[in-house]
Amino acid sequence: LNKMADSGGYDVEFLEVPPEDYECLVCLLVLREPQMVSCCGVKFCKHCIDRVIQAGKPCPHCKDESFRYMAEKQLHRRILDLKVKCYERKKGCNWEGELRQLQKHHGDRCPYEEIECKLGCGEHFQRHCLESHEMDECSRRPTEAKLLSLTRKLESRMEVLEVKCSKQENEIAILKEEVVALKEQNGKQYEDVKVLRESLK
């Protein structure tokens, strides 16, 4: 999951608004790998405070120029307990879960995540559409896949035709029954007319 790797904190949609002290003063996002500085006790994302130190700048909060920092493991666990929504919520994914589960969901499970075709055509598709593309559409699919795709299409067409034939057979059977019923009715009417003629003689 690299969506947030260069931004410091967690830029995700939470089910509930996180506490204010979970926010990094540098990136203004929820703390990722929170670190507490020795000078004033304020907490920052590890990525953010590392950038501050690499740039030779003082503490963003108290401006102390010499400070160390240490990991806040308990706070880190509490943050990972927070409930979040999938990145692809607007595209249709309804997944909700703990922040610690988001990487697993989005990395290899979310059907709405856009990923590149594995066959190397350069196209990107949502995960739930990728198999269809690789089997039926991709210009770089192997010959076996093309034949399999053609077979599937023919089988699908045959199923449609079989359904139509079955429906037509049922309709023909119903028509035959109606013809037989009409013949019987006509025969009865003929007998009634014959009896009537005999009575008039």
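As the structure is a prediction and not an experimental result, all values here were calculated from the model.

Student: Teacher, can you tell me more about the sheet that holds strand β1 (residues 34-37) here?
Tutor: Each strand in a sheet pairs with its neighbour through backbone hydrogen bonds, running either in the same direction (parallel) or in the opposite one (antiparallel). Ordered by their spatial adjacency, 3 strands build an open sheet running β2-β1-β3, and the pairing between neighbours is antiparallel. The sheet is open, and its two borders are formed by β2 (43-45) and β3 (69-71), each paired with just one other strand. Across this sheet, the average inter-strand angle for adjacent strands is 40 degrees, counted without regard to direction. Note that β1 and β2 share 3 bridges and pair antiparallel. Bridge pairing in β2 links Gln35 to Phe44. Strands in contact with helix α1 (residues 46-54) are β1, β2 and β3; relative to β2, the strand with the most contacts, it is inclined by about 95 degrees.

Student: How should I be thinking about the pattern of salt bridges in this particular structure?
Tutor: A side chain of one charge can pair with a side chain of the opposite charge when the charged atoms of the two come close. Taken as a whole and judged by the stated rule, the model has 8 salt bridges. For the salt bridge of Glu96 with Arg89, the shortest nitrogen-to-oxygen distance reads 3.4 Å. Overall, Glu96 belongs to the partly exposed group, its relative accessible area being 40%. The class of Arg89 is partly exposed, set by a relative accessible area of 27%. A salt bridge links Arg127 to Glu113; the nearest nitrogen and oxygen atoms lie 3.0 Å apart.

Student: Could you clarify how one ought to interpret α1 in this entry?
Tutor: Because the α-helix completes a turn every 3.6 residues, residues three or four places apart line up on one side. Looking only at α1, the buried set comprises Cys48, Ile49, Asp50 and Val52. Where the residues of α1 are buried, they touch β1, β2 and β3. Gly56 occupies a position one or two residues after α1 and carries a positive phi of about 70 degrees.

Student: Could you clarify how one ought to interpret the nonpolar core in this entry?
Tutor: One finds Tyr10, Val12, Phe14, Val37, Phe44, Ile79 and Leu99 to be the most contacted residues of the largest nonpolar core, which totals 24 residues. Elements with a minimum of two residues in this core: β2, α1, α2 (73-80) and α3 (99-108).

Student: It is not clear to me how the pairing of β1 should be interpreted in this structure. Could you clarify?
Tutor: Within a regular strand, side chains alternate between the sheet's two faces. Connecting β1 to the next strand, β2, in antiparallel fashion are 5 residues, including Gly41 with a positive phi near 80 degrees. Across 3 bridges, the pairing between β1 and β3 is antiparallel. Bridge assignment links Gln35 to a residue of β3, and that residue is Ala71.

Student: Can you walk me through the state of the cysteines in this structure?
Tutor: The bond known as a disulfide is covalent and runs between the sulfur atoms of two cysteines. With the rule as written, the count across this model stands at 0 disulfides. Of all cysteine sulfurs, the one in Cys39 lies closest to Cys59, which takes part in no disulfide; the gap is 3.6 Å. Residue Cys59 is classed as buried on the basis of its relative accessible area, which comes to 0%.

Student: Got a minute to help me understand the environment of Val12 in this structure?
Tutor: Mapped onto the elements of the fold, Val12 is located in the segment before β1. What makes Val12 buried here is its relative accessible area of 14%. C-alpha separation for the pair Val12 and Val30, spaced 18 residues apart in sequence, amounts to 8.7 Å.

Student: What should I look at first to understand unusual backbone geometry in this one?
Tutor: Negative phi characterises most residues that are not glycine, and trans characterises most peptide bonds. Within the chain, Leu28 stands out as a residue other than glycine whose phi angle is a positive 65 degrees. For Leu28, the location among the structural elements is in the segment before β1. Positive phi is not limited to glycine here, since Glu33 has a value of about 50 degrees. Looking at the secondary structure, you find Glu33 in the segment before β1. By relative accessible area, Glu33 is classed as partly exposed at 41%.

The rules we used
- Per-chain numbering applies: the sequence of each chain, read as written, is numbered from 1 onward.
- For a predicted model such as this one, the threshold for reporting local features is a pLDDT of at least 70, and the threshold for listing and counting side-chain atom pairs is 80 or more; totals across whole chains, interfaces and linings nevertheless cover every residue.
- Heavy atoms from the whole structure form the basis of all side-chain values; hydrogens and water molecules are not counted.
- Two strands pair under a simple rule: DSSP has to find at least two bridges between them.
- Going along the chain from the N terminus, every DSSP run of H or I of four or more residues is numbered as a helix, and every run of E of two or more is numbered as a strand.
- Fitted lines through C-alpha atoms serve as axes, helices being fitted only where they are in contact, and the angles separating the N-to-C directions of these axes extend from 0 to 180 degrees.
- The contact definition used throughout considers only heavy atoms, calling two residues in contact when any of these lie within 4.5 Å.
- Within this document, salt bridges are pairs made up of a side-chain nitrogen of Lys or Arg and a carboxyl oxygen of Asp or Glu, the two lying within 4 Å of each other.
- Summary of the burial criterion: residues with accessible area below 20% of their type's maximum are buried, those above 50% are exposed, and those between are partly exposed, where the area comes from a 1.4 Å probe applied to protein chains only.
- The nonpolar core is taken to be a set of buried Ala, Val, Leu, Ile, Met, Phe, Trp, Tyr and Cys residues, with the residues joined through side-chain atoms within 4.5 Å.
- The criterion for a disulfide is a pair of cysteine sulfur atoms lying within 2.5 Å.

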